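Chain by chain, the residues run as shown.
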Amino acid sequence: MSLKGSCLCGGIGYEIDGDLSPAMFCHCSKCRKSNGSAFALNSPVKASDFKLLSGEHLLRSYASSEDAKRFFCETCGSPIYSKRMSMPEILRLRVGTLDDDIAIEKVSHIFVASKAAWDDIHDDLPQFAERPE
Ligand SMILES: [Zn+2]
Ligand SMILES: [Zn+2]
């Protein structure tokens with residue numbers, strides 16, 4: 001299965017050749033800040049399955065911790081994926097940037113301990129205070 005996605009301005013386009021892993025709602029303060037939202041829906045993707053189709057020169061990164069970098073479009077600010085330097089073979093795709101409207105398996109809510117007080121979770125997925133091992 002091949003999936004396409006892009007940033008808000010369209011400068012960055014990408015394709016994923018392979019399956020998305022089940023996605024997690026991340027309520028951590030860093031995902032909230034970088035998305036300007038209650039949470040991010042992130043899906044692990046093999047780096048080897050991810051191909052930039054356009055906008056490589058627009059892709060900027062920010063080191064949000066010693067181990068993690070967040071990649072985003074320098075023009076429109078869309079977050080595209082994050083990567084842990086200790087795990088470079090896996091990207092955590094920001095599912096909201098996909099253009100193909102597909103069913104995605106959601107498995108859990110993580111970092112619920114740092115979710116915003118106004119963020120109400122209305123489903124029965126398992127919730128974890130931080131990242132489950
Ligand atoms: Zn953009
Ligand atoms: Zn997060």
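Rules used in this analysis
Residues numbered from 1 in each chain as written. Chains lettered and ligands numbered in written order. Predicted model: local features only at pLDDT ≥ 70, side-chain atom pairs only at ≥ 80, totals over all residues. Heavy atoms only, no water. UniProt positions renumbered as here; feature names shortened; annotations may be inferred. Donors = N, O, S within 2.8 Å, 3.2 Å for Na, K, Ca; no water. Buried < 20%, exposed > 50% of the residue type's maximum accessible area, 1.4 Å probe, protein only. Pairing = 2+ DSSP bridges. Helix = DSSP H or I, 4+ residues; strand = E, 2+ residues; numbered from the N terminus. Tetrahedral: all angles 85-135°; square planar, octahedral: opposite > 155°, others 65-115°. Phe/Tyr/Trp six-rings, centres within 6.5 Å; stacked < 30°, edge-to-face > 60°.

Going by what an unreviewed UniProt entry lists, the protein chain is known as Glutathione-dependent formaldehyde-activating enzyme and is assigned to Marinomonas gallaica. UniProt's Sequence similarities (unreviewed entry) comment on the protein chain is quoted here verbatim: "Belongs to the Gfa family."

J.: Would you explain the coordination of the zinc ion (ligand 2) in this entry?
T.: Expected angles at a metal are 109.5 degrees for tetrahedral coordination by four donors and either 90 or 180 degrees for octahedral coordination by six donors. All of the protein donors around the zinc ion (ligand 2) are Cys-26 (SG), Cys-28 (SG) and Cys-31 (SG); their distances to the metal are 2.1 to 2.3 Å. One chain supplies every donor for the zinc ion (ligand 2), spaced along it as C-x1-C-x2-C. Cys-28 shares its class with Cys-26; the two are buried.

J.: Is there a simple way to explain the pairing of strand E6 (residues 59–63) in this structure?
T.: It is a general feature of regular strands that their side chains alternate between the two faces of the sheet. By the bridge criterion, five bridges tie E6 to strand E7 (residues 68–73) in an arrangement that is antiparallel. From the neighbouring strand, Ser-61 faces E7, where its bridge partner is Phe-71. What sits between the antiparallel neighbours E6 and E7 is a turn of four residues.

J.: Honestly, the coordination of the zinc ion (ligand 1) in this entry has me stumped. Any pointers?
T.: Protein coordination at the zinc ion (ligand 1) comes from Cys-7 (SG), Cys-9 (SG), Cys-73 (SG) and Cys-76 (SG), with a distance range of 2.3 to 2.4 Å. Because the angles between the four donor atoms bound to the zinc ion (ligand 1) fall within 102 to 116°, the donor set is best described as tetrahedral. Donor residues binding the zinc ion (ligand 1) come from one chain and are separated in sequence as C-x1-C-x63-C-x2-C. Note that Cys-7 is positioned in the loop between strand E1 (2–6) and strand E2 (13–17) and Cys-76 in the loop between E7 and strand E8 (79–84), a separation of 69 residues in sequence. For Cys-7, a relative accessible area of 5% translates into the label buried.

J.: Sorry if this is basic, but what is going on with the packing of aromatic side chains here?
T.: The geometry of an aromatic ring pair comes down to the distance between the two centres and the angle between the two planes. Taken as a whole and judged by the stated rule, the model has four aromatic pairs. Between Phe-25 and Phe-39, the ring centres sit 5.1 Å apart and the planes meet at 90°, which makes this aromatic pair edge-to-face. One end of the pair, Phe-25, is in strand E3 (residues 23–26); the other, Phe-39, is in the loop between helix H1 (29–35) and strand E4 (40–46), with 14 residues separating them in the sequence. The class for Phe-39 is partly exposed, based on a relative accessible area of 31%. Here the aromatic residues Tyr-14, Phe-50, Phe-71 and Tyr-81 are joined through ring pairs into a cluster of three or more.

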